[in-house]
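# Overview (structure and organization)
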Amino acid sequence: AAENGLQAWLRYAPLPQGHNTPLPLSIIALNSSTNSPVNTAGQELQKGIQGIFGKQLSVFNTGKETSSAVVGTVSQFQKAFGSSPVKNKLEEDGFWLNVKGSTVQILGQNERGALYGAFEYLSMLAQGNFSNVEYATNPAAPVRWINSWDNMDGSITRGFGGNSIFFADGHVVSNLTRASEYARLLSSIRINAAVVNDVNANFTTIDPENIQGVGRIADVFRPYGIQLGLSLDFASPMELGNLSTYDPLDPGVIVFWDDITKQIYDRIPDFAGYLVKADSEGTPGPLVYNRTLADGANLFAKAIDPFGGIVMYRAFVYNLLNESDWTADRANAAVDYFQPLDGQFDDNVIVQIKYGPIDFQVREPASPLFANLLETNTAIELQVAQEYLGQQCHLVYLPPLWRTILDFDLRVQNQSSLVRNVITGERFKRPLGGSAAVVNVGLNDTWLGSHLAMSNLYAYGRLAWDWTSDSEEILQDWTRLTFGLDQTVIDTITQMSMASWPAYENYSGNLGEQTLNDILYTHFGPNPQTLDNTPWGQWTRADHTSIGMDRTVSNGTGFSGQYPPEVAAMYENLETTPDNLLLWFHHVNYTQKLKSGETVIQHFYDAHYEGAETAQAFVTMWQSLEGKIDDERFEDVLFRQVFQAGHSIVWRDAIVNFYNNISGIPDDAGRVGHH
Ligand code: GCU
């Protein structure tokens, strides 16, 4: 029964009603070597067609094209059959899918692309879609990565689905079955690399024994076209190499990293690259030696360039601050640190930028750094792990949140500059770019700790391929694949999921005030009093009469001035700042009127009641599906939804009482406080 969770959207469940679609009579996979993604594609087609239709097809590596499903690269196809049928330009990882009844061509620009095409064809069949199609598709960007925050002891930073599938007790685990199954899921959504260890990295990950260990992870990833990446600990030259320094310009340090890189490539020839969190939240970095962040990034870039690898250098760098300084602002940090270095990063460096300027909050403006690096490759960092967003105990379907950022127009040089066109490299004509998502799957047989949370992982892959994909359509594909074709199930899960982020925002932090979680320890549950009076810079500046961060240039932290002029002007002005970011940019009285005509404080009250009510409704909506999906997953999800319903009331009451107490302003509807 745990199979349903483990297989996630790759269950290949039998179709409910009979069908008479012509199927291929055999499968031809044009490469039969074990590590080849084309070979994997052949096996996957066999498995899928067996599951969906109960038909056992044989896999050959040569044969007659008619009435076969042929999978391979374009050049393998040309070798086997003479000429290429592909009518469109294929880019790296792209594929061509041509379904004409029982004759199916699945051709990748490379082997990975061919595997993606096989998964695409199976996804159609599993959803009961038997149409003839003929098209080519290419990725929005070359970098479509996963970041796992797994520690060497087997714990996972902000992991909510059990312990690591990769590590235990300081080593790589011996049984890598789950790692292989994970690679299968990732390749089906066209992820091409996964970093396996936490950004707060430990030097032991790259000691000689563990290089062999992560080499074994790379071995199980390889047949799925997933490349391995590693997070680095900047101080490793001291800790592992016994040097007296980790200064990025020191010749001994340079030799150390060249040598480590060579050891890694000796074991893992297709190693993807490094992820670096330096000078951030206590991690060591180049600033310790008064070197620049570009010096730090280029150290690794130069070591890895001969092997074709890349460096993802995180922009999540900030200092602790003093709240008594009205102009201090953690949100300013990324641009302050990185903008002056634009143009100084090597071409195989990508600066990886969290979607908002603070930290995965329920509502943030797009990071202004996307508008400030015109000569640097960039990638967006998203989080599938719902760190501040209910930690997989709450249903929060994230693509609508992600799309608000990716579709945001930064108006660089007064021209269209959508974040998604910046990170793909298109806007500033950069050779590299893309995205990474923090995904903390664990040994739990739901992977993330919750069946419904898997829609976020599925959707991340779909969006990283095409950022214009519709959030709701992605969700419905996922639902059909995960729970079957019953229209009531699809409609209900759609309704719940699409209402979930707005509901969570309503009962957590409103109007751009941040999520209002406990920020000191758990990042879970309401604790608005932890945001202020700390050096962490996630302030609300709430007092008895007013609330919000004044981030204007005229009177505040100057953050709004980090955006290009048109956007800066919009945020600088209270009147033109959208309500949902009002308290992000402005410090106002609780009685300030919103565009809706409501006051800030009354909006808090109303939104919290509304959000909690929506979360209550999820329970009855889910209950209506009893008998329409298997009991085990029905009960698992019901348990989560009952928790969310209760916790949303805890959230509602904690927040409304907090602001009622601090402001002394009664609720118009008489629900809060004493009157
Ligand atoms: C968050 C998270 C940390 C993590 C950090 C990061 O602050 O709580 O655990 O290390 O982000 O992204 O580096």
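Criteria and cut-off values
- Residues numbered from 1 in each chain as written.
- Predicted model: local features only at pLDDT ≥ 70, side-chain atom pairs only at ≥ 80, totals over all residues.
- UniProt positions renumbered as here; feature names shortened; annotations may be inferred.
- Buried ≥ 20, exposed ≤ 12 C-beta atoms within 10 Å, placed from the backbone.
- Helix = DSSP H or I, 4+ residues; strand = E, 2+ residues; numbered from the N terminus.
- Arc of directions from axis to C-beta.
- Contact = placed C-beta atoms within 7 Å.
- Axes fitted to C-alpha atoms, helices over the stretch in contact; angles between N-to-C directions.
- Parallel < 35°, antiparallel > 145°, perpendicular 65-115°, else oblique.
- Left-handed = near helix turned anticlockwise from the far one by under 90°.
- Near = placed C-beta within 6 Å.
- Nonpolar A, V, L, I, M, F, W, Y, C, P; charged D, E, K, R; others polar.
- Core = buried A, V, L, I, M, F, W, Y, C linked by C-beta atoms within 7 Å.
- Domains from an automatic or database assignment.

The protein carries the name Alpha-glucuronidase in an unreviewed UniProt entry, which gives Mycena maculata as its organism. Per its UniProt entry, the protein bears the Function (unreviewed entry) comment "Alpha-glucuronidase involved in the hydrolysis of xylan, a major structural heterogeneous polysaccharide found in plant biomass representing the second most abundant polysaccharide in the biosphere, after cellulose. Releases 4-O-methylglucuronic acid from xylan." The record held by UniProt for the protein lists under Catalytic activity (unreviewed entry) the comment "an alpha-D-glucuronoside + H2O = D-glucuronate + an alcohol".

### Considerations on helix α3 (residues 74-81)
Those residues of α3 lying buried are Val-74, Gln-76 and Phe-77. Take α3 and look down its axis: the buried residues cluster within an arc of 160°, on one side only. Contact partners of the buried residues in α3: β3 (68-73) and β5 (103-108). Looking at the residues trailing α3, positive phi occurs at Gly-82, about 100°.

### Thoughts on the UniProt feature "active site" (unreviewed entry) in the protein
Annotation from UniProt places "active site" (unreviewed entry) at Glu-281, Asp-359 and Glu-387. Following the sequence through the fold, Glu-281 ends up in the loop between β12 (273-276) and α9 (293-304). Within the secondary structure, Glu-387 sits in the loop between β15 (377-383) and α11 (399-406). Here Glu-387 falls in the buried class, since 24 other C-beta atoms lie within 10 Å of it. When near neighbours in sequence (up to four residues on either side) are disregarded, Glu-387 contacts Arg-158, Phe-360 and His-523.

### A word on the environment of Gly-72
Residue placement: Gly-72 occurs in strand β3. Once residues within four sequence positions are removed from consideration, Gly-72 is found in contact with Ala-29, Leu-30, Asn-31, Val-38, Phe-77, Leu-107 and Ala-114.

### With respect to the packing of helix α5 (residues 177-188) against helix α6 (residues 208-221)
Running from N to C, α5 and α6 point in directions that differ by 45°, and their axes come no closer than 8 Å. Regarding the angle of α5 to α6, the classification is oblique. Judged by the sense of rotation from one axis to the other, the crossing of α5 with α6 is right-handed. From α5, Ala-179, Ser-180 and Ala-183 reach across to α6, where they touch Ile-217, Val-220 and Phe-221.

### A closer look at the site of the ligand
What surrounds the ligand is the set Thr-157, Arg-158, Val-199, Asn-200, Lys-277, Phe-316, Asp-359, Glu-387 and His-523. Of the residues assigned to the shell around the ligand, the class counts are 2 nonpolar, 3 polar and 4 charged.

### A short note on the packing of helix α15 (residues 487-507) against helix α18 (residues 600-623)
Interhelical geometry of α15 versus α18 gives an angle of 155° and a closest axis separation of 8 Å. What the angle tells us is that α15 and α18 run roughly antiparallel. In terms of crossing hand, the pair formed by α15 and α18 is left-handed. Here α15 contributes Thr-492, Gln-495, Met-496, Ala-499, Ala-503, Tyr-504, Asn-506 and Tyr-507 to the contact with α18, which in turn contributes Ala-607, His-608, Glu-610, Gly-611, Ala-612, Thr-614, Ala-615, Phe-618 and Met-621. When its residues are assigned to classes, the contact of α15 with α18 shows 10 nonpolar, 6 polar and 1 charged.

### Section: the nonpolar core
Within the largest apolar cluster, 203 residues are counted, with the highest numbers of intra-cluster contacts made by Val-71, Ile-106, Ala-194, Phe-300, Val-311 and Val-419. Excluding residues that lie within four positions of it along the chain, Val-71 makes contacts with Ala-29, Leu-30, Val-38, Ala-41, Gly-42, Leu-45, Ile-106, Ala-114, Gly-117 and Ala-118.

### Notes on the domain arrangement of the protein
Each assigned domain of the protein is listed with its residue range as follows: domain 1 (3-137), domain 2 (143-470) and domain 3 (484-549 + 587-675). Here domain 1 and domain 3 have C-alpha centroids that lie 45 Å from each other. With 4 residues of domain 1 at the contact, the number on the domain 3 side is 5 residues. When its residues are assigned to classes, the side of domain 1 that touches domain 3 shows 2 nonpolar, 2 polar and no charged.

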